[in-house]
Amino acid sequence: MRTADAQLVVVAPDGLIDGFKLTGVATVPAETTEDAERVVLRLLRDGERGVIAIHGPLFAGLADDLQRKLRASVSPVVVELPTGEDSGGDAARKSRLARRLQHAIGYHVTFGEDSE
């Protein structure tokens, strides 16, 4: 699947993208923050639309100005994939992420125990 044809593109390390591939989601491997930055900038430059989901630790390593730009992006919606680890008090972030995904795909998404 070409990423330009995809509604959702996942940017993550090789070891994590197999599950996404099995569901038919377009994936782009990125092992380092530098790899992720190159991939994301290319996707933005190429006019990627839909949702770009970036593995949390890769997203966290991006430059602050790029993180702000990505968080503010409406088209495409860029989201940080939660790692599944307890981050202690991230309900607001999950709620914001769910609202952005709902806006992008038209469905309300919940994460685990979230019942909103």
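Bear in mind that the values here come from a model prediction, so they are computed numbers and not experimental data.

Asks: Help me understand the overall build of the protein chain in this model?
Replies: Helix and strand counts for the protein chain come out as 5 helices and 4 strands. Counting helices and strands in the order they occur from the N terminus, the protein chain gives β-α-β-α-β-α-α-β-α. Here the protein chain, with 116 residues, has 39% of them falling under the buried criterion. Partitioning the contacts of the protein chain with sequence separation of at least 6, the portion at a separation of at least 24 is 55%. In the form shown here, the protein chain has an accessible surface area of approximately 6900 Å², with 52% of it arising from carbon and sulfur atoms.

Asks: I'm lost on the sheet that holds strand β1 (residues 8-12) in this one. Help?
Replies: Whether parallel or antiparallel, the strands of a sheet pair through hydrogen bonds between backbone atoms. The 4 strands are arranged β2-β1-β3-β4 in an open sheet whose pairing can be described as parallel. Each of the sheet's edge strands pairs with one partner strand only, and the pair in question is β2 (26-29) and β4 (77-81). Between one strand axis and the next, the sheet turns by 20° as a mean value, whatever way the strands run. For strand β3 (residues 51-55) and β4, the ladder comprises 5 bridges, and the chain directions are parallel. For Ile 54, the partnering residue across the bridge sits in β4 and is Glu 80. Sitting on the sheet, helix α2 (residues 33-45) touches β1, β2 and β3, and the angle it makes with β1 is about 160°.

Asks: Even after reading the chapter, I still don't get the environment of Val 51, so can you show me in this structure?
Replies: With respect to the helices and strands, Val 51 occurs in strand β3. C-alpha of Val 51 to C-alpha of Ser 75: the two residues are 24 residues apart in sequence and 7.9 Å apart in space.

Asks: Sorry if this is basic, but what is going on with the nonpolar core here?
Replies: Soluble, globular proteins show a tendency: their nonpolar side chains are buried together. Val 11, Ile 54 and Leu 70 are the most contacted members of the largest nonpolar core, which has 17 residues in total. Mapped by element, the contributors of at least two residues to this core are β1, β2, α2, β3, α3 (56-61) and α4 (64-72). When residues of this core are assigned to their parent elements, the largest contribution, 4 residues, is made by α2. Listed in part, the 9 residues of the second largest apolar core include Ala 12, Ile 17, Val 51 and Ala 53.

Asks: Can you walk me through α4 in this structure?
Replies: Along an α-helix, a turn takes 3.6 residues, which lines up residues three or four apart on a common side. Here α4 has its buried residues at Leu 66, Gln 67 and Leu 70. Axial view of α4: buried residues confined to an arc of 100°, hence all on one face. Turned more than 90 degrees off the buried face of α4, the exposed positions are Asp 64, Asp 65, Arg 68, Lys 69 and Ala 72.

Asks: Sorry if this is basic, but what is going on with unusual backbone geometry here?
Replies: Negative phi values dominate among residues other than glycine, just as trans dominates among peptide bonds. A cis amide bond links Ser 75 to the next residue, Pro 76, at an omega of 5°. Considering the arrangement of structural elements, one finds Pro 76 in the loop between α4 and β4.

Asks: How do you make sense of the pairing of β1 when you look at a structure like this?
Replies: A regular strand places its side chains so that they alternate between the two faces of the sheet. The buried fraction of β1 amounts to 4 of the 5 residues, a majority that puts the element mostly inside the structure. Here β1 pairs with β3 via 4 bridges, running parallel. Of the residues in β3, the one forming a bridge with Leu 8 is Val 51. Taken together, the 4 bridges between β1 and β2 define a ladder with parallel strand orientation. Among the inter-strand pairings, Val 10 is bridged to a residue of β2, identified as Thr 27. In terms of handedness, the path from β1 via helix α1 (residues 14-22) over to β2 forms a crossover that is right-handed.

Quick notes on the rules
- Residues numbered from 1 in each chain as written.
- Predicted model: local features only at pLDDT ≥ 70, side-chain atom pairs only at ≥ 80, totals over all residues.
- Heavy atoms only, no water.
- Helix = DSSP H or I, 4+ residues; strand = E, 2+ residues; numbered from the N terminus.
- Buried < 20%, exposed > 50% of the residue type's maximum accessible area, 1.4 Å probe, protein only.
- Contact = heavy atoms within 4.5 Å.
- Areas by Shrake-Rupley, 256 points an atom, 1.4 Å probe, with all protein chains shown as cover.
- Pairing = 2+ DSSP bridges.
- Axes fitted to C-alpha atoms, helices over the stretch in contact; angles between N-to-C directions.
- Core = buried A, V, L, I, M, F, W, Y, C linked by side-chain atoms within 4.5 Å.
- Arc of directions from axis to C-beta.
- Right-handed = clockwise from strand over helix to strand, strands pointing away.

Just distances and angles here, no functional claims.
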